[in-house]
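Next come the chains, spelled out residue by residue.
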Amino acid sequence: MKILVTGGAGYIGSHVVKQLGEQTDHEITVLDNLVTGFQESILYGDFIKADLSNFKQIEEIIKKGNYDAVIHFAASLVVPESVENPLKYYLNNTANTANLIKQCVTYGVNKFIFSSTAAVYGEPAPDLIPVTEESPVAPINPYGSSKLMSETVLKDTAFAYNDFNYIALRYFNVAGASVDGKIGQSTENATLLIKVAAETALGKRDKMFIFGDDYPTEDGTCIRDYIHVEDLASAHIRALEHLEEGKEGGVFNCGYGHGFSVKEVLETMKKVSGVDFPVEIKERRAGDPAILISNNRKIREVMHWTPKYDDLELICKTGLEWEKKI
Ligand SMILES: NC(=O)c1ccc[n+]([C@@H]2O[C@H](COP(=O)([O-])OP(=O)(O)OC[C@H]3O[C@@H](n4cnc5c(N)ncnc54)[C@H](O)[C@@H]3O)[C@@H](O)[C@H]2O)c1
């Protein structure tokens with residue numbers, strides 16, 4: 001198949017491109033504006049530098065490309081920024097996505113895989129954990145809303161156009177780097193816990209913070225479902241196969257179905273790095289649910305996705321090894 005990967009120079013997209021290159025004979029084209037991505041992270045395929053907001057150019061690319069599928073990672077994804085600058089998020093994440101979908105429908109690209117997020121669940125009530133795809137969606141920031149709106153565009157488009165099929169993968173907390181050490185997360189000013197912990201262990205930061213240790217969890221810190229980026233990448237390979245086989249698409253959670261507390265993660269990073277780095281407790285941040293864990297039964301049963309790296313030490317170790325390189 002011919003596959004267009006938007007945002008393929010970014011953290012998750014580059015890992016998917018790597019697996020596509022290593023494991024399939026699909027023809028890959030990466031489209032990215034390199035705003036947060038890195039061209040050197042693209043290990044396979046062709047590269048087009050373009051911005052999704054350039055609707056004319058995007059139409060030309062889709063028209064000429066003869067693609068069979070689009071995997072759409074490109075987005076803006078800093079939650080606090082989305083609160084301060086919501087229009088950036090609705091334009092980049094929703095309007096640009098709607099246009100991309102429109103071009104796909106117009107030019108016969110009928111398989112679409114979309115990067116969604118657990119942020120669509122907002123702050124689920126404790127009795128709804130682990131969340132399933134049927135749990136109520138109630139995003140609490142423009143980032144989550146912008147992604148949920150794109151899911152709606154996809155659902156309605158697939159309903160209206162029989163040929164068009166999609167899978168929206170709702171990622172939980174993505175972490176780690178490729179196990180062979182070739183690529184990882186290079187994002188500047190990253191806010192993701194495991195990356196920040198790796199930076200602190202290596203002295204790139206003086207100290208790091210835990211936001212709230214008075215949550216109703218065993219050690220008082222928030223619990224999240226951390227998924228290794230290579231397992232997440234393999235979910236995309238499975239999703240592509242699923243669409244290729246003409247099976248029913250829709251929304252799928254992507255997590256391990258269990259979680260670790262912030263303190264457990266930091267202890268693990270201290271263990272694998274051998275560095276007892278300083279950690280300071282701060283006030284809770286607005287909008288952090290105490291526990292967010294996926295129910296992943298659907299993706300396991302329907303797509304036969306089997307994770308290989310469900311191991312917090314390995315997640316921390318691969319993240320740390322990558323951080324040493326950059
Ligand atoms: N990282 C996570 O933990 C996480 C969790 C849930 C969902 N997601 C979703 O996964 C996707 C990928 O995230 P990531 O962590 O790899 O982020 P990233 O910033 O590393 O990758 C995004 C890529 O998209 C490109 N891009 C952004 N806007 C563009 C535009 N208008 N035109 C062309 N290219 C554009 C960037 O240059 C970058 O290469 C996003 O859609 C994000 O919302 C990520």
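In case you missed it, the structure is sitting above this.
Here is a short report on the structure shown in this document.

## Re the packing of aromatic side chains
In step 1: The final tally for this structure, using the stated rule, is four aromatic pairs.
In step 2: Seen from their ring centres, Y89 and Y143 are 6.4 Å apart, and the 90° between their planes marks the pair as edge-to-face. With Y89 in helix α4 (residues 86–106) and Y143 in helix α5 (residues 142–160), this residue pair connects regions lying 54 residues apart in the sequence. Per residue, the accessibility class of Y89 equals that of Y143, and both read buried.
In step 3: With centroids separated by 6.2 Å and ring planes inclined at 50°, the aromatic side chains of F209 and F211 adopt a geometry described as tilted.
In step 4: Taking the relative accessible area as the measure of exposure, F209 reaches 27% and is therefore partly exposed.
In step 5: Taking relative accessible area as the criterion, F211 reaches 29% and is therefore assigned partly exposed.
In step 6: Above the face of the F277 ring, K270 is positioned so that its terminal group lies 5.3 Å from the ring centre.
In step 7: Against the face of F252 rests K298, its NZ or CZ located 4.3 Å from the ring centre.

## A short note on the environment of G287
In step 1: Positionally, G287 belongs in the loop between β13 (279–282) and β14 (291–292).
In step 2: For G287, a relative accessible area of 30% corresponds to the partly exposed category.
In step 3: Setting aside residues no more than four positions away along its own chain, G287 makes contact with E123 and I140.

## A look at unusual backbone geometry
In step 1: That bond from I129 to P130 is cis: its omega, -5°, falls within 30 degrees of zero.
In step 2: Structurally, P130 is set in the loop between β5 (111–117) and α5.
In step 3: Unlike most non-glycine residues, L34 shows phi in positive territory, near 60°.
In step 4: Tracing the backbone shows L34 in the loop between β2 (27–32) and β3 (46–49).
In step 5: Despite not being glycine, N66 shows a phi value in the positive range, around 55°.
In step 6: Along the chain, N66 falls in the loop between α2 (55–65) and β4 (69–72).

## Quick notes on the sheet that holds strand β6 (residues 165–171)
In step 1: Pairing is parallel across the open sheet formed by seven strands, whose spatial order is β3-β2-β1-β4-β5-β6-β11. Each end of this open sheet is capped by a strand with a single partner; those strands are β3 and β11 (250–254). Strand-to-strand twist in this sheet, taken as the mean axis angle between neighbours without regard to direction, amounts to 20°.
In step 2: α5 rests against β5, β6 and β11 of the sheet, and its axis sits at about 155° to β5.

What counts as what
- Residues numbered from 1 in each chain as written.
- Predicted model: local features only at pLDDT ≥ 70, side-chain atom pairs only at ≥ 80, totals over all residues.
- Heavy atoms only, no water.
- Phe/Tyr/Trp six-rings, centres within 6.5 Å; stacked < 30°, edge-to-face > 60°.
- Helix = DSSP H or I, 4+ residues; strand = E, 2+ residues; numbered from the N terminus.
- Buried < 20%, exposed > 50% of the residue type's maximum accessible area, 1.4 Å probe, protein only.
- Lys NZ or Arg CZ within 6 Å of the ring centre and 35° of its normal.
- Contact = heavy atoms within 4.5 Å.
- Pairing = 2+ DSSP bridges.
- Axes fitted to C-alpha atoms, helices over the stretch in contact; angles between N-to-C directions.

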